[in-house]
Amino acid sequence: MEMEPLYKPHGVEERWQRAWEGEGLYHADPEAPGETYVIAIPPPNVTGALHMGHALNGTIQDVLIRWHRMRGFNTLWQPGYDHAGIATQAAVERELRKEGTSRLELGRDAFVERVWEWLHEYGGIIMSQFRRLGCSLDYERERFTMDDGYVRAVMRFFVHLYERGWMFRDNRIVNWCTDCGTTVSDLEVEHIDVDDTLTYARYALADGDGFVTIATARPATILADVALAVHPDDERYKALIGKDVIVPVVGRKVPVIADERVDPTFGTGALKITPGHDPTDFEIGRDHGLPELTVIGFDGRITGDVPDDFRGLTEAEAAERVVAWLKEHDQLEKREHYRHAVGHCDRSGTRIQPLVMLQWWCAMDDLARPAIEAIDSGRVRFHPPVHGRVASDWLKAIRPWNVSRQLWWGHQLPIWYCPDGHVTCAETEPTACAVCGSPELTRDPDVLDTWFSSALWPFATLGWPDDTPELRRYYPGDVNSTGRDIIFLWVNRMVMAGIELMGDIPFRDVIIHSTILASDGQRMSKSKGTGLDPVELIEQHGADATRYGLLKMSSTQDVRFTPVPIEEGRRLANKLWNASRLLLMSGGDEVEARPKSLEERWILARIDATRSEIERDFETYDFSHAVDRLYHLTFDDFCDWYLESIKPRLGEADVKATAFAALERLLELLHPVLAHVTEEIWSHLPAREGRLIVAPWLQPDASYAADVDALVRVQEAAERFRRSGVVTPLDGDEKRIFDAVVKPERAKGNGAGRLEEEVARLEGEIARSEKMLSNERFVANARAEVVQAEREKLERYRRELDAIRN
């Protein structure tokens, strides 16, 4: 079948995606030979759709998987979904409200059944979108964090931690979202700068000897004050330490205490202490044995031991009433504008209410210690390394983790209580209390934070806690690729759990890829209209072009989106297609390197040299430079120089056989990036028996290494001619190649061009470069690669000047 005159990616890409998967070429076989290479995709939310971060991360992982598959590794790229507790429950509850009902009216079992129905209809679309991108995941192994086997793994993990003595139940301060109706972790709190008002309130000394003024942005919480605190070294307040003050509105007598956590520069330097509604106050209160009063309920309204006219008010309404009381009693000193960061739930956008609740917690110190050692010692390597320091520092500062969530969708705690309050922890429902033997048991209604399921992902997907062939073969994995916002949510937890449960790290390398920002430099946002749908880019440019463009934009820094690299990828695919079609139209059924001419030895040397450079790029996860090298090898070296120079001799059998061999090698190098177009061209080459996706990776070949720079003089002569019109004297193969590629006869003039102007330019560049390199400070202080680059430029200027003078 002949190649189409124009490359049309959509039909080609979708056909190969179906063929690869249908032929089982993505599937990992634990019985197959070869060293393993394993990536477990960071599971997207089951409710989610592909965004630019997914697309970039998926492309990076697919490049690594395809490269290792071609190198003969037994590769496993594990797909799956996270159940996304809060997001999924919120989505289903929205649907129920449209129907005029609620989860409370349905009841728990019926609600969970509705969630499953909703997911079967709307969930899971992202895997089909990964297929559109060409991601060669082992889709047969798709896992879900609510699978029966995965639920069992989560239960085992909780019981393991309980038996280790690390799970405990305590009243501690939590982040409560009134909109979601649940606690959220510190990592799910987004701190946003807001404009507030700082209220300066006078607290009367109980002995009648004056006032102490405090500043607060939350006057409603004055109702729950249990102390005032000052810094022990603050001379202004030393005499007041140990005295009592009277809390406004409620008339409660509370002590003045000293604590080093008080910031003397904030407000007046005196701090009201409200352990029930502020994390810092809670810690201070615990250390000083203070009561923990709560006056704001789970609905965000005033409750508890407060004056009757405050009950049921919103916090804002209560704040107005407190300020009015302060004015009326001459205890309001002043109010002023105050801008500060306030925690908001990243799911709902609602302002977080710090509340004290009885919750299950996990002590993290013993879990974190081996993970810190693994990161600090380099057993787990972060790329770029700065993120390893960030991960380690977070682990070193880790506090007990709140594992309870007040949801109905998720992994219900494996905790049962008897009427006497005894706790039984078991993987499956027990028949009697483990303490007193009572058969009357009630299960804790809360579900587990998703950190339990995320921590287990690299090995629960392989069958843990059972001893499966997959687990023995494919654990530990090799790479985890993700964005920096997932380091704490997933990466650190996986390292902790892997070491604790499996005795080994879950992966060696962690790639923290760049964030692709909107064109204005801000994070992409659908609500602001700056979000981009990768599927639309695929439909417009093709999957290969989109993959290429995303990799070209990837780096260690965040980057603003531009369509230019994707358009460049489309041009590259078209150029490759047209060049391949030209060769195939010349006929021939041999694929063998039999180089006779200079340019034939040169292209084989260039392909091998680029192979070596790309392997180094892939090994160091430098994908931007890798695709740039592939572009220049294909566009410049193969198409513009090699193919143009051999066109007049394409009727010769050796020339065609060598050209097909060179194209074959080029396709092997390009395949991990331009997966579809290379496979399509490969299928048209003579004597094709297998797929490119499983063809052996190009092996090193030093046979032609001596010719890797063989066209330097010709290429420099071409550059001079295009710049100045000066024809450099060449002969033999060099002149033949120059004439075939540059076609100087088409240019006007006698070949002398602007000779004097070009000589003057080169002499000026030589003088500038010599002066720079004679500067000892430059040579001593500049980076070595900068100095070397300048030396190479000087050598080239001298070489070019000699060429045109001769």
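This is a predicted model, so every value here is computed, not measured.

Caption draft 1: A look at the pairing of strand E8 (residues 211-216). Counting buried residues in E8 gives five out of six residues, a clear majority hidden from the surface. Bridge count for strand E7 (residues 189-205) against E8 is six bridges, and the pairing is antiparallel. Across the sheet, residue Arg 202 finds its bridge partner in E8, namely Thr 213. Here E7 folds back onto E8, and the loop between the two strands holds five residues, one of which, Gly 208, carries a positive phi near 80°.

Caption draft 2: Expanded view of the packing of aromatic side chains. For the structure shown, the criterion picks out 30 aromatic pairs. Ring centres of Phe 459 and Tyr 475 lie 5.7 Å apart, and the angle between their planes is 85°; on these two criteria the pair is classed as edge-to-face. Pair noted here: Phe 459 is in helix H12 (residues 451-460) and Tyr 475 is in the loop between helix H13 (469-474) and strand E22 (479-482), with a separation of 16 residues, a long-range link. For the pair formed by Phe 459 and Tyr 475, the shared burial category is buried.

Caption draft 3: Broad picture of the pattern of salt bridges. One pass over the full model with this rule turns up 75 salt bridges. For Arg 547, the salt bridge is made with Asp 62, and the minimal N-O distance between the two is 2.8 Å. Placement of Arg 547 in helix H16 (residues 543-553) and of Asp 62 in helix H2 (residues 52-70) is noted, with a sequence separation of 485 residues between them. As far as burial versus exposure is concerned, Arg 547 and Asp 62 are alike and both buried. Between Asp 640 and Lys 575 there is a salt bridge, with the nearest N and O atoms lying 3.1 Å from each other.

Caption draft 4: Molecular detail of the sheet that holds strand E20 (residues 442-443). Taken in spatial order, the three strands of this open sheet run E19-E18-E20, and their pairing is antiparallel. Each edge of the open sheet carries a strand with a single partner, namely strand E19 (423-425) and E20. Taken together, the two bridges between strand E18 (residues 415-417) and E20 define a ladder with antiparallel strand orientation. Bridge pairing links Trp 416 to Arg 443 in E20. Its contacts with the sheet put helix H7 (residues 148-163) on E18, E19 and E20, and the angle it makes with E19 is roughly 125°.

Reading guide: rules and limits
- Residues numbered from 1 in each chain as written.
- Predicted model: local features only at pLDDT ≥ 70, side-chain atom pairs only at ≥ 80, totals over all residues.
- Heavy atoms only, no water.
- Buried < 20%, exposed > 50% of the residue type's maximum accessible area, 1.4 Å probe, protein only.
- Helix = DSSP H or I, 4+ residues; strand = E, 2+ residues; numbered from the N terminus.
- Pairing = 2+ DSSP bridges.
- Phe/Tyr/Trp six-rings, centres within 6.5 Å; stacked < 30°, edge-to-face > 60°.
- Salt bridge = Lys/Arg side-chain N within 4 Å of Asp/Glu carboxyl O.
- Contact = heavy atoms within 4.5 Å.
- Axes fitted to C-alpha atoms, helices over the stretch in contact; angles between N-to-C directions.

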